[in-house]
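# Survey of secondary and tertiary structure
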Amino acid sequence: LWDAESARRRLYLKKIPVSLGERSYEIVVGRGILSDIGSAMGRLGLGSKQMIVTSSTLWPLYGKIVHDSLLSSAFDVSVAAFGDEEESKSLQTVTSIYDKLLEDEFDRNSGIVAVGGGVVGDVAGFAAATFMRGIPFVQVPTTLLAQVDSSIGGKTGVNHPKAKNLVGAFHQPRAVWTDVSTLLTLSERELRSGLAEVIKYAVIADEGLITALERNISAFSKASSDTLVDIVSRCSSIKARIVEQDERERGLRSILNYGHTVGHALEALTNYAHYTHGEAVAIGMIAAGRISRDIDATNRDTVELQENLLKAAGLPVRIDGPIDPHDIIQQLNRDKKRVGGHVRWVLPRAIGDVFLTDKVPSDVALKVLKDMIA
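Below you will find a few notes about this structure. Here the structure is a predicted model, which is why all the values come from computation and not from measurement.

Turning next to the pattern of salt bridges. All chains considered together, the criterion is met by 19 salt bridges. Salt-bridge contacts for Lys 89 lead to Asp 122; the nearest nitrogen and oxygen are separated by 2.6 Å. One end of the pair, Lys 89, is in the loop between strand 4 (76-82) and helix 4 (91-103); the other, Asp 122, is in helix 5 (residues 118-130), and 33 residues separate them in sequence. Assigned by exposure class, Lys 89 and Asp 122 land together as buried. For Asp 371, the salt bridge identified is with Lys 367, shortest N-O distance 3.1 Å. Taken together, the residues Asp 371 and Lys 367, both in helix 14 (residues 362-371) and 4 residues apart, mark about one turn of the helix. Judged by relative accessible area, which is 41%, Asp 371 ranks as partly exposed.

Have a look at this one:
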């Protein structure tokens, strides 16, 4: 029988290619598609043994659906679950995944399926990149932040106590399978956190997306599934095009770090426990805008538009807590993205136009940070 709902799902299924030669893959964005992943992976010709890496929270929500779908497509499935807090993004967690892979006799033809947010995807991807010098993996992102950003592009890694994502590897997934229905179970804070990355994409590359967000951002948590498919696929497409041009972040891809320079510093200084990643990035975007204004690289209107949008999204625009701005500057000097000993900043010229520079005077950055302390 003809199924109107199935037809509607297919209508709003978006497929975004990431063209990287032999490392090419496809991002599939839709709603209600999680149970189809087994047949999709079967068509990719992946090995019969697959390990689902997820969090203990997400296992009953989504991990079991993926597990059953893989089983129904004749995969031999194992499961490794851990905490999904930022503190779990560690070499200790990766080692526990290695132990499970060895216990279940995985080999180089086996694979990993990451079901979760950014922490799960980064940890599972790094385990896949390094186990037996690299095995295939598939991303199944379940948070807005992961769906629009961290699941795409092959960056994997874990944190070091002194810096975020300091230990990592580039390892492209074989596919990214994105079901926006998973966003319906996110807390309001997690959803708002993901919005920071959506706004980031609008500021760096898509002025039209800014206009759409200005109209709808206050009601984003009530957005229809079709709207979510459009927004997630739009952001995914921006990242895919940038990754295609600069897979290893030699130049252009660095613009994706907009807001992350100060954001990562804040996360490290607060032991990854005070801010969500998106909240820290939002504050970093505010800092970048104000620095750009103070060195006369952008105008006040651009800075105010960005700040108003972040406020409307319910994201922080000031630094709270007892943080010394001098400590932030010191933390920036540990950032792995430094060039020739200088901090590399991504700054806005206008909405949809950003640039890279390592010429920001430290006194300008310090003044901006001091002014942002609540």
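Together, Asp 84, Glu 85, Glu 87 and Glu 190 make up a region of like negative charge exposed at the surface. The exposure class assigned to Glu 190 is partly exposed, which follows from its relative accessible area of 40%.

As enumerated under the stated definition, the model contains 1 aromatic pair in all. Here the aromatic rings of Tyr 98 and Phe 131 are separated by 6.3 Å at their centres, their planes lie at 25°, and the arrangement is stacked. Here Phe 131 lies in the loop between helix 5 and strand 6 (137-141) and Tyr 98 lies in helix 4, a separation of 33 residues in the sequence. Residue placement shows Lys 200 over the ring face of Tyr 201; its charged tip is 4.6 Å from the ring centre.

What follows covers the pairing of strand 8 (residues 163-170). The pairing of strand 7 (residues 155-160) with strand 8 spans 5 bridges and is classified as antiparallel. Bridging across to strand 8, His 160 finds its partner in Ala 163. In this structure, the hairpin formed by strand 7 and strand 8 is closed by a connection of 2 residues.

One finds Ile 27, Leu 144, Val 198, Ile 199, Ile 319 and Trp 345 to be the most contacted residues of the largest nonpolar core, which totals 76 residues. Judged by nonpolar contacts, the second largest core, of 21 residues, contains Val 53, Phe 126, Phe 137 and Val 158.

The next subject is the environment of Pro 348. Secondary-structure assignment places Pro 348 in strand 10 (residues 345-350). Taking relative accessible area as the criterion, Pro 348 reaches 2% and is therefore assigned buried. It is 6.4 Å that separates the C-alpha atoms of Pro 348 and Ser 292, two residues lying 56 residues apart in sequence. Once residues lying within four places of it in the same chain are set aside, the contact partners of Pro 348 are Tyr 258, Ala 288, Gly 289, Ser 292, Ala 297, Thr 298, Asp 353, Val 354 and Phe 355.

Here the focus is unusual backbone geometry. Even without being glycine, Ala 74 reaches a positive phi, approximately 70°. Of note, Ala 74 is situated in the loop between helix 3 (58-72) and strand 4. Classification of Ala 74 by relative accessible area gives exposed; the value is 66%. In this structure, Asn 271 is a non-glycine residue whose phi angle is positive, near 55°. Mapped onto the fold, Asn 271 is located in the loop between helix 10 (260-269) and helix 11 (277-294).

Moving on, we get to the packing of helix 7 (residues 188-205) against helix 9 (residues 225-245). Put simply, helix 7 and helix 9 touch, their axes get as near as 10 Å, and they point 50° apart. Judged by the angle between their axes, helix 7 and helix 9 are oblique. In terms of crossing hand, the pair formed by helix 7 and helix 9 is left-handed. Of helix 9, the residues touching helix 7 (which contributes Val 198, Tyr 201 and Ala 205) are Ile 231, Cys 235, Ile 238 and Lys 239. Among the residues forming the contact of helix 7 with helix 9, the class breakdown is 6 nonpolar, no polar and 1 charged.

Pairing between the strands of a sheet is mediated by backbone hydrogen bonds and can be parallel or antiparallel. With respect to topology, 7 strands assemble into an open sheet ordered 1-2-9-6-5-3-4, the strand pairing being mixed. Here the strands that pair on one side only, and so sit at the sheet edges, are strand 1 (14-18) and strand 4. Sheet twist, expressed as the mean angle between neighbouring strand axes with direction ignored, is 15°. Bridge analysis of strand 3 (residues 49-55) against strand 5 (residues 111-116) gives 5 bridges, and the strand direction is parallel. In the strand pairing of strand 5, Met 51 is matched with Ile 112.

By the secondary structure assignment, Leu 44 is in helix 2 (residues 37-44). Assessed through its relative accessible area of 33%, Leu 44 is described here as partly exposed. Distance in space between the C-alpha atoms of Leu 44 and Pro 316 is 42 Å, their sequence separation being 272 residues. Each residue touching Leu 44, except ones within four places of it in the same chain, is listed here: Arg 174 and Ala 175.

Conventions used here
Residues numbered from 1 in each chain as written. Predicted model: local features only at pLDDT ≥ 70, side-chain atom pairs only at ≥ 80, totals over all residues. Heavy atoms only, no water. Salt bridge = Lys/Arg side-chain N within 4 Å of Asp/Glu carboxyl O. Helix = DSSP H or I, 4+ residues; strand = E, 2+ residues; numbered from the N terminus. Buried < 20%, exposed > 50% of the residue type's maximum accessible area, 1.4 Å probe, protein only. Patch = residues over 30% accessible without salt bridge, like charges linked within 9 Å, V, L, I, M, F, W, Y side chains within 5 Å. Areas by Shrake-Rupley, 256 points an atom, 1.4 Å probe, with all protein chains shown as cover. Lys, Arg positive; Asp, Glu negative; His and termini not counted. Charge placed at Lys NZ, Arg CZ, Asp CG, Glu CD. Phe/Tyr/Trp six-rings, centres within 6.5 Å; stacked < 30°, edge-to-face > 60°. Lys NZ or Arg CZ within 6 Å of the ring centre and 35° of its normal. Pairing = 2+ DSSP bridges. Core = buried A, V, L, I, M, F, W, Y, C linked by side-chain atoms within 4.5 Å. Contact = heavy atoms within 4.5 Å. Axes fitted to C-alpha atoms, helices over the stretch in contact; angles between N-to-C directions. Parallel < 35°, antiparallel > 145°, perpendicular 65-115°, else oblique. Left-handed = near helix turned anticlockwise from the far one by under 90°. Nonpolar A, V, L, I, M, F, W, Y, C, P; charged D, E, K, R; others polar.

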